[in-house]
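Remarks on the overall topology
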Amino acid sequence: MLRRWTRHPLCTLGMAAIFILLSGCGSGGGGGTEALSGQVSQFPIVNPDDGPPAGNPAGTAAIPAEANLEDVSSPDQIVGNGTPASCSAEAFIDAVALGGTIVFDCGPDPITITLPRPAKVFNDADPDIVIDGGGLVSLSGGGRTRMLYMNTCDPDQVWTTGHCQNQDHPRLTVQNITFANGNSSAETDYDGGGAIWVRGGRFKAVNCRFFNNVCADEGPDVGGGAVRVFSQYEGLPVYIVNCTFGGIEGYGNRGSNGGAISSIGVSWTIINSLFSYNSALGYGANPAQPDTPGGGSGGAIYNDGNTMRLTVLGSRIQYNDVNAHGSAIFFVSNDHTGDIIIDDSTITNNLGGSWYPAYDGISMHDDTPIVVTDSIIENNS
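These remarks concern the structure in this document. (Residues numbered from 1 in each chain as written. Predicted model: local features only at pLDDT ≥ 70, side-chain atom pairs only at ≥ 80, totals over all residues. Heavy atoms only, no water.)

Quick look at the sheet that holds strand S9 (residues 178-180)
What links the strands of a sheet is backbone hydrogen bonding, and the strands pair in either a parallel or an antiparallel sense. Taken in spatial order, the nine strands line up as S3-S6-S9-S12-S15-S19-S23-S26-S29 in an open sheet, and their pairing is parallel. Each of the sheet's edge strands pairs with one partner strand only, and the pair in question is strand S3 (111-114) and strand S29 (376-378). Neighbouring strand axes in the sheet, compared pairwise and without regard to direction, differ in orientation by 10 degrees on average. Relative to strand S19 (residues 274-276), strand S15 (residues 244-246) runs parallel, the two being bridged by three bridges. Residue Thr244 lies in a different strand from S19, and its bridge partner there is Leu274. (Pairing = 2+ DSSP bridges. Helix = DSSP H or I, 4+ residues; strand = E, 2+ residues; numbered from the N terminus. Axes fitted to C-alpha atoms, helices over the stretch in contact; angles between N-to-C directions.)

If you want it as structure tokens, here you go:
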């Protein structure tokens, strides 16, 4: 069933004004605060153990074989030796540099590992990197740093082919793990992606949670409060399966564009996932309007580029907000070759923005093909 409803404009303006007054790159509820180094003076740390579970509990969409969990029964790297103290940030960073299948042995209880800098994938290490937290591990940026970085075109991570923007490796999977309190606001060369930044190879996330991650809060092109992705091999999709981005108030992710996820020229297949309470904080759109910094589009999802596809299956997108366009989804195919597929999903109560040619809450060119089946799209503005 498909339903549409438009909020009264005075209600929208009033609620948007309240939101703007309360928002900022370091805004959000819950937890204590922790001083930053050269970013913002305060950052609200949340406890990932208090966050909601991974995924949309009502999601029943079928999962393709390549989007399922990876086998970790024979790990290459084990972080820890059975105690929480042995699961150090340096042990994890070293494990990611070596690559392969990485698991944790930190004891029977949930644990948060706070990183002082991102763990970085080396392109000449194992072509497959699987990071499995076993449902107990949370990685935290401590309000200072993103947690994970992969870039096939970064010479510091070793160039392995003459076509770095289109190579089949590394193939990075994160599964059964939480990313919280990441902050890439101080990044200049590779901005966006408060928790994870990826270019090239392949990337997927399965059974993951993303809480309170932020990137720069202004700018027309920067985005991905939690995840930023570029240049996937042969245009194959990023899979997001049974993941939660935000989920409750105070745990949402924030950035100039794409409060949860952002990409350029990348296709996404999102299955049985939850996006809520994420925010696009910029204003002035793209290109930036006069006397504005630009940004503010894609409360949950920001897709820009040419030939690409956004597929949303069995997922819920709600209570996200923007200052410019696409309170739920911003999807601009510059050459008008991209398309959107939405099935068995709910997109509701997303706030703010404009430019909704077909469905409130979804910004796109009016000639972009969009197929919506067995879904509810309502109460968006």
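Here's the deal with the packing of aromatic side chains
Think of a pair of aromatic rings as described by two things: how far the centres are apart, and how the planes are tilted against each other in angle. Tallied over the full model, the rule gives twelve aromatic pairs. Between Phe92 and Phe104, the aromatic rings sit 5.9 Å apart at their centres with planes inclined by 25 degrees, giving stacked as the arrangement. With Phe92 in helix H2 (residues 89-98) and Phe104 in strand S2 (residues 100-104), this pair connects stretches of sequence that are twelve residues apart. Phe92 gets classed as buried once you look at its relative accessible area, which sits at 0%. Ring centres of Phe330 and Trp355 lie 6.1 Å apart, and the angle between their planes is 65 degrees; on these two criteria the pair is classed as edge-to-face. One end of the pair, Phe330, is in strand S24 (residues 329-333); the other, Trp355, is in the loop between strand S26 (346-348) and strand S27 (362-363), and 25 residues separate them in sequence. The class for Phe330 is buried, based on a relative accessible area of 6%. Judged by its relative accessible area of 32%, Trp355 falls in the partly exposed class. Within the aromatic cluster, the residues linked to one another by ring pairs are Tyr149, Tyr190, Trp197 and Phe230. (Phe/Tyr/Trp six-rings, centres within 6.5 Å; stacked < 30°, edge-to-face > 60°. Buried < 20%, exposed > 50% of the residue type's maximum accessible area, 1.4 Å probe, protein only.)

Honestly, it's all geometry; don't read function into it.
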